[in-house]
Amino acid sequence: MYKRESGHKKIVTFVGTSLLDKLLEFHANDENLRSDVEKLREEDMKLKKVPAQNLRDKYSIEVNRIEKALEKFIGEVSKVGKALKLSEICAELKSIERIITELQNRGVESFDIILLQSDTLLGEIVGNYLENLVIQRDLKVVSDIRRETVRRFRVSNWGDFKEGLKEVFKILARYASAYEENGEVYEGYWENLVINITSGYKAAISYLTILGQVFNCEIYYIFEDSDVLLKIPPLPLKVDYDVFRKHLKLFVDIDKKGILSLKDYSEDTTFISNLLDYSADEDDLDDEEYFELNLFGEILWERFKRNYPYVYLSEIAWKEYQDLEKTQRGNVIESVRRIINNCLDNGPTETCNHQIDSGDKKLPEGFRVFKNVSNNIRILYKVEQPDKRPILYVGLFDVKAHNSGNEYVEYFHENAEKVNDTTKYKLCLINGGELECIE
């Protein structure tokens, strides 16, 4: 049974370097420490494509000295009687505590804290200590604390920064998806994410603000040394999503390939030029032989898919769907939506990967069975490129009631080979309570 959790929020906080800035203020006369920090900062600005973790051994001496200084600094601040407080030396911690208080006053009972750090040497150092600080605060309302490095999220070059922002979006989408706890499966939804933009790269603020507005996430920040918690109010945005519907195949092709060649794509793309980047090589911004979605296009396309998900159907599944009465069609669509929302990255096992008693028979490679116990529907489906942009293929479904028998198992095995070739599937769009197939 899927439930939408109430009274719980996930606070996504970006890790900046305010802790290091306070450290250097506290040790203003320590030139060696300042030199270590500046050296790593310079190296971070040279990074391109490779993970910062690859350089940690090379600069282990500087990293260790900074970590020891931070540990000593935090220990001194934590002592009773010190003028400084932990929240005053760390903007991230200060903003997290203020956001928790604000949301508690509105009835939110529990929180997850998600720390997203840049793919830099300094980001790794600060992220580690920030996570420990949050743990030490022993906030009773915090259920879970997680820290992740955002791959290629840094400002050393535009190519990495752009890819890093896309990775941020993927991580946020993952935290907005379903999860399982104590036997209960909770439906994923964006509205339980709170984006804290107090720290981190200022260049990312506009992107994150648009993302929050489009997906209806709350956005908070504390301005510099102020104690005032500011919330960015929702704007009355109205986006014309018809362009995605009219040119669905183009956008699905981008999902599949990432980058498309203008030579191979015959349609005129000027009508959506404001959603595209015309460069395949980040080192050659004048190259216009290829195109991909820009950051703004990524946000709007993902928002469109949330309202109007697409799915590929086999010829058998499409014909059977057309023969169903309205209520049964609605049940099939509800089940497909659940697969899209909760199973594309494997999801809860019993629901998304239901094991069937097949004896010696095997399902085609890559196919799984979705089990919807609320309406007795079973769906044979496959997810291609799950680690990139997952594409859902529905091969077969069964809408009959399932009690002690497993009639659908035999039906799936009898027809599995007929639906094994996903290149012959139809591209379909879920529009409200109906499926619309375009090919």
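Predicted, not measured: the structure shown is a model, and the values here were computed from it.

K.L.:
What is the right way to look at the pairing of strand β15 (residues 377–384) in this model?
P.N.:
Consecutive side chains of a regular strand alternate in pointing toward one face of the sheet and then the other. Burial analysis of β15 places seven of its eight residues in the buried class, which makes it a mostly covered element. Direction of pairing for strand β14 (residues 367–372) relative to β15: antiparallel, over a ladder of six bridges. Each residue of the ladder has a partner; that of Arg368, found in β15, is Tyr381. The turn linking β14 back onto β15 is made up of four residues, and Asn376 within it adopts a positive phi angle of 65°. The sheet contact formed by β15 and strand β16 (residues 391–398) spans seven bridges and is antiparallel.

K.L.:
Got a minute to help me understand the pairing of strand β2 (residues 8–14) in this structure?
P.N.:
Where burial is concerned, most of β2 is hidden: seven out of the seven residues are buried. Where burial is concerned, the two faces of β2 agree: the one with His8, Lys10, Val12 and Phe14 and the one with Lys9, Ile11 and Thr13 are both buried. The pairing of β2 with strand β3 (residues 110–117) spans seven bridges and is classified as parallel. Paired with Lys9 across the two strands is Phe111, which belongs to β3. The pairing of β2 with strand β7 (residues 193–196) spans four bridges and is classified as parallel.

K.L.:
I'm lost on the state of the cysteines in this one. Help?
P.N.:
In protein structure, a disulfide is the covalent linkage between the sulfur atoms of two cysteines. One pass over the structure, following the stated rule, counts two disulfides. Each disulfide pairs two cysteine sulfurs, and for Cys343 the partner residue is Cys352, the sulfurs being separated by 2.0 Å. Taking the sign of the S-S torsion, -70° for the link of Cys343 and Cys352, the bridge is left-handed. By relative accessible area, Cys352 is classed as buried at 0%. Across the disulfide from Cys428 sits Cys437; the S-S distance is 1.8 Å. Measuring the twist about the S-S bond at about 85°, one finds the Cys428-Cys437 disulfide to be right-handed. By sequence order of its bonded cysteines, the chain has the disulfide arrangement 1-2, 3-4.

K.L.:
Teacher, can you tell me more about the sheet that holds β7 here?
P.N.:
Backbone hydrogen bonds are what pair the strands of a sheet, in a parallel or an antiparallel way. If you trace the six strands from one edge of the open sheet to the other, you get β4-β3-β2-β7-β8-β9, paired in mixed fashion. Each edge of the open sheet is held by one strand with a lone partner, namely β4 (142–149) and β9 (229–231). Ignoring which end each strand starts from, the neighbouring axes of this sheet average 25° apart. In the sheet, β3 pairs with β4 via seven bridges, with the strands oriented parallel. Its bridge partner lying in β4, Gln117 is registered against Thr149. On the sheet, helix α8 (residues 205–215) packs against β2, β7 and β8 (218–222) and is oriented at approximately 145° with respect to β8.

K.L.:
Is there a simple way to think about the confidence of the model for the chain in this case?
P.N.:
In regions of low pLDDT, the predicted coordinates are not meant to be interpreted in detail. Of the residues in the chain, 88% reach a pLDDT of 70 or more, and the chain-wide mean stands at 85. Across the chain, element-level confidence peaks in strand β13 (residues 310–313) with a mean pLDDT of 96 and bottoms out in strand β1 (residues 2–3) with 46.

K.L.:
Is there a simple way to think about the nonpolar core in this case?
P.N.:
Considering soluble globular proteins, one finds that nonpolar side chains tend to be buried as a cluster. In this structure, Trp190, Leu211 and Trp301 are the most contacted members of the largest nonpolar core, which totals 63 residues. With seven residues, the top contributor of residues to this core is helix α7 (residues 158–175). When near neighbours in sequence (up to four residues on either side) are disregarded, Leu211 contacts Phe169, Leu172, Trp190, Ile195 and Ile299. If you look at the next biggest cluster of nonpolar residues, it comprises 41 residues, including Ile74, Ile89, Leu122 and Leu229.

K.L.:
I tried to follow the pattern of salt bridges on my own but got confused; where do I start?
P.N.:
Opposite charge on two side chains makes pairing possible when the charged atoms of those side chains draw close. With the rule as written, the count across this model stands at 34 salt bridges. With a shortest N-O distance of 2.6 Å, Glu97 and Arg137 are connected by a salt bridge. Residue Glu97 is found in helix α5 (residues 91–104), and its partner Arg137 is found in helix α6 (residues 121–137); the two are separated by 40 residues along the sequence. Take Glu97: its relative accessible area is 17%, and that puts it in the buried class.

The rules behind these values
Residues numbered from 1 in each chain as written. Predicted model: local features only at pLDDT ≥ 70, side-chain atom pairs only at ≥ 80, totals over all residues. Heavy atoms only, no water. Buried < 20%, exposed > 50% of the residue type's maximum accessible area, 1.4 Å probe, protein only. Helix = DSSP H or I, 4+ residues; strand = E, 2+ residues; numbered from the N terminus. Pairing = 2+ DSSP bridges. Disulfide = S-S within 2.5 Å. Axes fitted to C-alpha atoms, helices over the stretch in contact; angles between N-to-C directions. Contact = heavy atoms within 4.5 Å. pLDDT = per-residue confidence, 0-100. Core = buried A, V, L, I, M, F, W, Y, C linked by side-chain atoms within 4.5 Å. Salt bridge = Lys/Arg side-chain N within 4 Å of Asp/Glu carboxyl O.

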